[in-house]
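Residue strings, one per chain:
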Amino acid sequence: MAKRMLATDLDGTLLQPDRSVSPRTHEALAAAREAGLVITLVTGRPARWLAPVADQVGWDGLAVSANGAVLLDLGSRRIEHITPISVDDLAATIDIIRSHVGGTGFAVEYAEVGGEIPQHPQSHDSGGGLPEHFARDHHYIPKLAPPTEVVVGNIEELVTVRPVVKLLARSPHVPLEQVDDVYEQLREQLTDLVTVTHSTPGELLLEIAERDTSKATGLAWLAQAHGVQQQDVVAVGDMPNDSPMLQWAGQGWAVGNAHPQVKKLVGSDYVLPPNTEDAVAVLIEQLLA
C-alpha cells in the first residue's frame, strides 16, 4: 500500500473555536499514527504560535507555517527553511495597499533559518509575540492587547530589520460585505509582486508572502520529505489561504464552516462537518476505514 498523507489546517479546521483539540480528534490522530497515516500541519500561523498545538497533540514532525514561507521541525523546535519577501517588493506592496485602502495598518512576521520556535508565545494574536519574531506600525490594531516588548515603529524601517516571511495588512474601515471584493482587487494588483491571501473571517486582514509561495509549495515540500506521492496526499482546510494546497493535493476537502469559495473549489461531495463537529477526526476515520 502506498504511504498516504493527511495535511490539515489548524484554526477553523483541526481546532475547536477555543483553539483546543477535541477528545475525538485526539483519538483519531493517535489511530492515524498507529496505522501509518502521515499527519502534517500546514498553517497560516507564524511559527511562534505552533508550540501550544504541538504540545497538545504530541506532534514532533515536520510542519509548514506562515502560509508556506516557513518550514520547521516541531521535534527540535527549529526553523529549517524560510522564503522571505524582498525589501523592494515589501515597499512596493505597502505603497499599493495604502493607495487602495486608506488607514491600513501593517505588521511583519520575522523568521531566520536555525531560529528556535518560542515555547510560550505571549499572545495568541497577530498583535503579540517577541521582538525578534513580530513588529507592527502604529496603525495596526491587534485584536488582543500586545505585550509591551512588541516593537512598534515605521513599517518602512521594520521591513529592513530582519527577514520578513509574512506581511500583514489590516484595515478596520472596509465593510464586511466588501471584504472579499477588496481582497480580490488587491490580489490582482499585487500578483506580480507577492502572494496575497486571507484566513480571518469578518475583516480585511491580508496575509502576504513572497511571490509563488503558498500552502501548496509548503505541502509539496512536506510530501517530498516523507516520500509521499502527490496523488496520495489528502488536504483539508477552511479559508482561501487553504485553496492552493487543496488544489495541489490528490484530494482536497473543506470543513462545513469553510468559506464559500473553498466549498465551491472542492465540490459538494468533499465537504465535511464543521470543525465544531470534529471534521478532521471524521476524515481520518474515513481514511482509515
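Before any of the text, the structure's been laid out above.
The following refers to the structure shown.

1. What to know about the nonpolar core
Where a protein is soluble and globular, its nonpolar side chains tend to be buried together. Formed by 58 residues in total, the largest nonpolar core has its most connected members in Leu6, Trp59, Val70, Leu74 and Leu219. A total of 6 residues in this core trace back to one element, the largest contributor, which is helix 10 (residues 279-288). If you look at the next biggest cluster of nonpolar residues, it comprises 27 residues, including Ala135, Val174, Val179 and Leu193.

2. Structural notes on the sheet that holds strand 13 (residues 251-254)
Ordered in space as 5-4-3-2-1-12-13, the 7 strands form an open sheet in which the pairing is mixed. The open sheet has two edge strands with one neighbour each: strand 5 (78-82) and strand 13. Across the sheet, the mean angle from the axis of one strand to that of its neighbour is 25 degrees, orientation sign disregarded. Bridge analysis of strand 1 (residues 5-8) against strand 2 (residues 38-42) gives 4 bridges, and the strand direction is parallel. Within the sheet, the bridge partner assigned to Thr8 lies in strand 2 and is Leu41.

3. Some words on the sheet that holds strand 11 (residues 204-210)
In a beta sheet, neighbouring strands pair by backbone hydrogen bonds and run either parallel or antiparallel. With mixed pairing, the 6 strands of this open sheet are ordered in space as 8-7-6-9-11-10. A single partner strand is all that each edge strand has here, and the edge strands are strand 8 (151-152) and strand 10 (194-197). Summarising the sheet, strand 7 (residues 134-136) and strand 8 pair through 2 bridges and their orientation is parallel. From the neighbouring strand, Arg136 faces strand 8, where its bridge partner is Val152. Contacts between helix 4 (residues 87-100) and the sheet are confined to strand 6 (105-110), strand 9 (164-171), strand 10 and strand 11, with strand 9 contributing the most and set at about 10 degrees to the helix. Helix-sheet contacts for helix 6 (residues 179-189) involve strand 10 and strand 11, and the interaxial angle to strand 11 is about 25 degrees.

4. Points about the pairing of strand 5
As paired strands, strand 4 (residues 70-73) and strand 5 are joined by 4 bridges and run antiparallel to one another. Bridging across to strand 5, Leu71 finds its partner in His81.

5. So, helix 4
Relative to the 20 Å expected for 14 residues at 1.5 Å per residue, helix 4 spans 20 Å between its end C-alpha atoms, a close match to the ideal helical length. The complete set of buried residues in helix 4 reads Asp89, Leu90, Thr93, Ile94 and Ile97. Buried positions in helix 4, seen along its axis, are confined to an arc of 135 degrees and lie on one side of it. Opposite its buried face, helix 4 presents the exposed residues Asp88 and Ser99, each directed more than 90 degrees away. Those residues of helix 4 hidden inside the fold are in contact with strand 6, helix 5 (155-158), strand 9, helix 6, strand 10 and strand 11.

6. Let's talk about the packing of aromatic side chains
Throughout the structure, instances matching the rule amount to 1 aromatic pair. Each ring, one from Trp253 and one from Tyr270, has its centre 5.0 Å from the other, and the planes form 80 degrees; the classification is edge-to-face. Pair noted here: Trp253 is in strand 13 and Tyr270 is in the loop between helix 9 (260-266) and helix 10, with a separation of 17 residues, a long-range link. Looking at Arg162, its charged tip hangs above the ring of Tyr110, at a distance of 5.6 Å from the centre.

7. As for helix 7 (residues 215-226)
Because an α-helix packs 3.6 residues into every turn, residues spaced three or four apart end up facing the same way. Taking 1.5 Å per residue as the helical rise, helix 7 with its 12 residues ought to reach 16 Å, and the 16 Å between its terminal C-alpha atoms agrees with that figure. Along helix 7, the positions that sit buried rather than exposed are Lys215, Ala216, Gly218, Leu219, Leu222 and Ala223. The buried residues of helix 7 occupy an angular sector of 160 degrees when the element is viewed end-on, so they sit on one face. On the buried face of helix 7, the contacting elements are strand 1, strand 2, strand 3 (62-65), strand 4, strand 12 (233-237) and helix 8 (243-248).

Cut-offs and rules
- Residues numbered from 1 in each chain as written.
- Predicted model: local features only at pLDDT ≥ 70, side-chain atom pairs only at ≥ 80, totals over all residues.
- Heavy atoms only, no water.
- Core = buried A, V, L, I, M, F, W, Y, C linked by side-chain atoms within 4.5 Å.
- Buried < 20%, exposed > 50% of the residue type's maximum accessible area, 1.4 Å probe, protein only.
- Helix = DSSP H or I, 4+ residues; strand = E, 2+ residues; numbered from the N terminus.
- Pairing = 2+ DSSP bridges.
- Axes fitted to C-alpha atoms, helices over the stretch in contact; angles between N-to-C directions.
- Contact = heavy atoms within 4.5 Å.
- Expected span 1.5 Å × (residues − 1).
- Arc of directions from axis to C-beta.
- Phe/Tyr/Trp six-rings, centres within 6.5 Å; stacked < 30°, edge-to-face > 60°.
- Lys NZ or Arg CZ within 6 Å of the ring centre and 35° of its normal.

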